[in-house]
Each structure stands twice: as structure tokens, then as C-alpha cells.
Amino acid sequence: MCRTAKHPEWLDNAVFYEIYPQSFMDSNGDGIGDFKGIISKLDYIKELGCNAIWLNPCFKSPFGDAGYDVEDYFTAAERYGTNQDLYDLFEEVHKRGMHVILDLVPGHTAVTHPWFRQSMKAEKNEFTHRYIWSDSIWENTAPLECIRGISDRDGSAAVNFFSHQPALNYGYFRPEKSWQHPMDSEDALATAEAIKEIMRFWLKAGCDGFRVDMAGSLVKNDNENSDGNVALWKNFREFLDREFPDAAMISEWGEPDKSLRGGFHMDFLLHFGSSHYNDLFRCAEPYFSSRGRGDITEFLKKYIENREKTDGKGLICIPSGNHDMDRLRRHLDTEEMKIAFAFLLTMPGAPFIYYGDEIGMRYVENVVSVEGGYGRTGSRSPMQWDGGKNAGFSSAPEDKLYIPLDPDTDRPTAESEMSSESSLRSEVKRLIEFRQSHAALQSRGGIQFVTYSGYPLVYERSDENEKLLVAINPSGEEKSFAYSEELGDVLYIYGKGVSKTGETVTVSGQTAAVIRIK
Ligand code: NOJ
């Protein structure tokens, strides 16, 4: 059984826009995006129809992993502005009737974080066990990798991701070595309390919740059901229910049966692990390619399984992309992307649009890694606003830009996309508007699949007021499916057409339609 937590109602019709702060808009000409730049573009996001924002980490950091290596959780990174600028951003977002969630990174810090500095000391102190340390430099922390030989303290510090990101200590579900603390040890509990302090600070300052980085991996040596991590998050949930019941919590976990049990409101579909998300958009033959050679079967199997495991709630957020994966446009052309967006914007859970995907920004090939981006760097290039200098992103000299721009002279811009009714952005905008006028299509509306493999992809979406049939045919050829219910008006269509003869519905090639079920 899975009970979802009390939930903030605004999540029901939230459509998120993910902002990578480095690359969105530079207001002071230093070549890197900032809070004031974001504020100046909030109307753009609102005009698109998005009503919520996810901001990647924007705190003080040595930026060895683009800010996912936090040095001070309470202070905005100078390059983006001051804490006051961030509070102003919260206020400006709220003024527009929108919401904003921050990125909470509870699993690890930067090596420069004062907690880690203290924990490296030979003398025992409050932070000695804030991180996971083995007892001796000669003992590693397998299966976790470790940092060793950089402290006076005798021991190896476990790392969580890159080797400069030491793992915070939330204890072990099944401790096996003397230095592995149980979850209920004083030090493990102190780590959770310290993270609550951070959440309290930003929620009081006006943020509306968090996207939680690597949420399912805090407690180590967990069992198959992740009972340790679920218990930890239940503890956070009690705190939130008590102090901030309206805070939205969305996990980077990828297993909604576990994350929802832990009290998250929604979970992300991940591009790694068992989700088969990549079968949709990012593989040799993506389902959404017009070649029509993709296979959605395994994706649907997993999706339906997750939905069943969560009492029909699912609540999986399907992103168009994010700062960790290839741009959608690397695999699909803009016509194919329109069909992909018709899917993304008619599925349950809150949709997430990665900045620039709405205008079909490309993956920039062959860029040198920036701040731990490696292959991800090409998806993090500056937003292309217009035809001006540096595509309107920054007034800095071109060689001072944080990441080089897409060098193609024909690169899409927000300006050109907004001036054309037939552009990708205009279609995305229409789709968001359409989703917002039908609660059945939103986060918590029901879903029932009509097809389970092949083309087209067909599903029913419903709430207590209406029942809609969504038929999506990304392939270039006309496709049919059997359907016996009586159909009413076609409420949305992109592509050529959809028709019903007897009990057969036919959908033209590269067409997406939403039809009322009578
Ligand atoms: C997931 C984040 O999305 C990614 O960018 C980061 O590098 C790792 N977690 C480590 O925090």
C-alpha cells in the first residue's frame, strides 16, 4: 500500500520549466547567467504557459559539478547574485501566480564545505561523523569509492558521485563494519536535522519546495525495498507536515513506489536504470522518430507497473530533457518534437520542460567539458533569445561565455519561434494551454492505455467530469487501432487527421489528437 502525503494543490496543474542558472540569462555582462537575468525572463516563461520553475543548485560552490557540490547551503553563489536577489526572484515568481522549487542536494557536499573540513581533522569534533569515514586509511569504503590521503584524520571518506563529493552520513540500513553507523545513531540523525535546517531556511525565504538530488541513495546498504531510505524520508515528511505542509517535494529517485511511500509528491522518470525512458526519445530508433521503427513496449510495461504499485497514482514526472542528458533535438527534428510534446503534455504527473527545448535548441557538439559537465556540457549551452550579440544571452565578449553558444547561424531563437504560428514553441504553447483547460489531462487525472505496443500510442485520460482519448502517431505512416467507445469532438489535433469507421480509428502519419469520449 502506498499513501501519498498531503499535497500542495498547485502541483495538480503544474507545468515546470527547468532553469540551468548558468545559461539562462546574463544581466551583468560577465558571461554567466544570474538571478536578475532570470527575473527579466519570467514573463517569457509565463507567456509559454509554464507556471512553475525548477532552479538547479545556485549556492556557494567550487563548481566541480556545476553546483551539485555545495560549499554553503545558506548562501547564493556570488556569480548569480545575492540571497536578496534570490528572495526577489521568489517574489517576482509569486507575483505572476507561479511557483519555484530549488534543488536540494542532501547526499554529498563539496570537499570545501566547512563540515568536511572539520571532519578531516584528527581531533574529534561535532562533524567527525557528518560523513562516512572508514577507520583507517588502508581500509576503503567499498562498494562506495573513497577519498583518501588528504586529511590528518586516519581513514577514507566515502564519496557519493564524483570523487570530490564526500557522502554525508545518514547511517547504514544494515551496518556490517564497525565504522558503519546504524540509521538511528546520534550522528546519522544529526545529518538529517542539519538538512532540515537548510530546508527550513529556504522555505521560510519563500521557495515552494525542492527537487531532491539522488533522493533514494542517502541511507547506505539498504534492502531491496529501500526501507531505510523510505524511513528517512518519512521522517522528513513528518517535519514538513508539521512546519511546511505546502512544500512540494519531487524526487530524483525513479522508483515511485518507494519515493511516494517516503512522502514525496512526485518522482522523476530517469534516463538510466530500468525506466526505458530512452526508448522514447534517445536511442538509435526512438519511438518518437518519424521512421516509425521504435518500440515503446518495455517503457509502457514499466510505466504501468509503477502505476499499479502506487495504487494507480504513478505521479511520475516525464521531462523533455534535463541538464544531465542529450537535448531532445539531438535525436528528433522539430516536427517530431511537436508530437513528442503532445505526449509529454498529456501524461499524468507534472511535465518538465528543459529550458530551450521549447524552441528546439540543439545539443552543441564537441565542446570542452565545463565544471564537471563532460558529455552533458553540450546540453547546457546558453539560451538563445534573439538574433543579437551572443543570441541575446549576454553582452560579454563571446570567448567569455560560460559555455559556447550553438555556432550554427541558423540556430533557433525565442524571438523567431515566437513570431511564427507554426513553430515548435507555438505548438508547445498551444499544448500547455490545452492541458490547462482539461483537468483530466493534468497531474492527477486517470490514465488507461488502449495500445501497449506498436504505433499509434493510445490512452484514455479521465477525471470525474470527462473522458478523453489521446491518440499519438509519431510514425510517418497512417496507423489504425480498434476502439469501440463512441467518440465526440476532436479537441486538439496536430497533423493531418483522425477518423473512425465502425470500430476502427485511423490516425494519419505524424499526428497527435485528443478526442472527447462520449
Ligand atoms: C544528479 C544531478 O542531476 C547531476 O547533475 C549531478 O551531477 C549528480 N546528481 C550529483 O549530484
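Everything in this summary refers to the structure shown in the same document. (Residues numbered from 1 in each chain as written. Predicted model: local features only at pLDDT ≥ 70, side-chain atom pairs only at ≥ 80, totals over all residues. Heavy atoms only, no water.)

1. A short note on the overall build of the protein
Line of reasoning, step 1. Within the protein, the secondary structure is distributed over 12 helices and 20 strands.
Line of reasoning, step 2. Since a compact globule built from 518 residues should have a radius of gyration of about 24 Å, the 23 Å found for the protein is in line with a globular shape.
Line of reasoning, step 3. Each of the three principal axes of the protein carries a C-alpha extent, and together these read 80 × 55 × 40 Å.
Line of reasoning, step 4. The buried share among the 518 residues of the protein stands at 60%.
Line of reasoning, step 5. Look at the contacts in the protein between residues 6 or more apart in sequence, and 66% of them connect residues 24 or more apart. (Helix = DSSP H or I, 4+ residues; strand = E, 2+ residues; numbered from the N terminus. Rg over C-alpha atoms; globule rule 2.2 N^0.38 Å. Buried < 20%, exposed > 50% of the residue type's maximum accessible area, 1.4 Å probe, protein only. Contact = heavy atoms within 4.5 Å.)

2. Thoughts on the sheet that holds strand E18 (residues 498–501)
Line of reasoning, step 1. The strand order across the open sheet formed by three strands is E16-E19-E18, and the pairing between neighbours is antiparallel. Pairing within the sheet leaves two strands with one partner each, and these edge strands are strand E16 (479–482) and E18. Strand after strand, the sheet turns through a mean of 20° between neighbouring axes, direction not considered.
Line of reasoning, step 2. Note: E16 against strand E19 (residues 504–507), four bridges, orientation antiparallel. (Pairing = 2+ DSSP bridges. Axes fitted to C-alpha atoms, helices over the stretch in contact; angles between N-to-C directions.)

3. What about the site of the ligand?
Line of reasoning, step 1. The environment of the ligand is made up of Asp65, Tyr68, His108, Phe161, Arg211, Asp213, Met214, Glu252, His323, Asp324, Arg376 and Arg380.
Line of reasoning, step 2. In the environment of the ligand, an oxygen atom lies 2.5 Å from a nitrogen or oxygen atom belonging to the side chain of aspartate 324.
Line of reasoning, step 3. Here arginine 376 contributes a side-chain N or O atom positioned 3.1 Å from an oxygen atom of the ligand.
Line of reasoning, step 4. The site holding the ligand turns out to be the largest pocket. (Near = heavy atom within 4 Å. Polar contact = N/O pair within 3.5 Å; in protein donor to acceptor, adjacent residues only side chain to side chain. 1 Å grid on protein atoms, 1.4 Å probe; cavity = no way out; pocket = protein on both sides within 12 Å on 5 of 7 lines; lining within 4 Å. Sits in = over half its atoms within 2 Å of the grid points.)

4. A few points about the side chain of serine 226
Line of reasoning, step 1. Here serine 226 lies in the loop between strand E8 (209–212) and helix H6 (227–243).
Line of reasoning, step 2. Sequence-distant contacts of serine 226, that is, excluding residues within four places in its chain, are made with Trp253 and Lys258.

5. Some points on the side chain of asparagine 56
Line of reasoning, step 1. As for its position among the elements, asparagine 56 is in the loop between strand E2 (52–55) and strand E3 (59–60).
Line of reasoning, step 2. A distance of 3.3 Å separates polar atoms of two side chains, one belonging to asparagine 56 and the other to glutamate 18.
Line of reasoning, step 3. With sequence-adjacent residues up to four places away left out, asparagine 56 is seen in contact with Glu18, Ile19, Tyr20, Pro21, Tyr68, Asp103 and His323.

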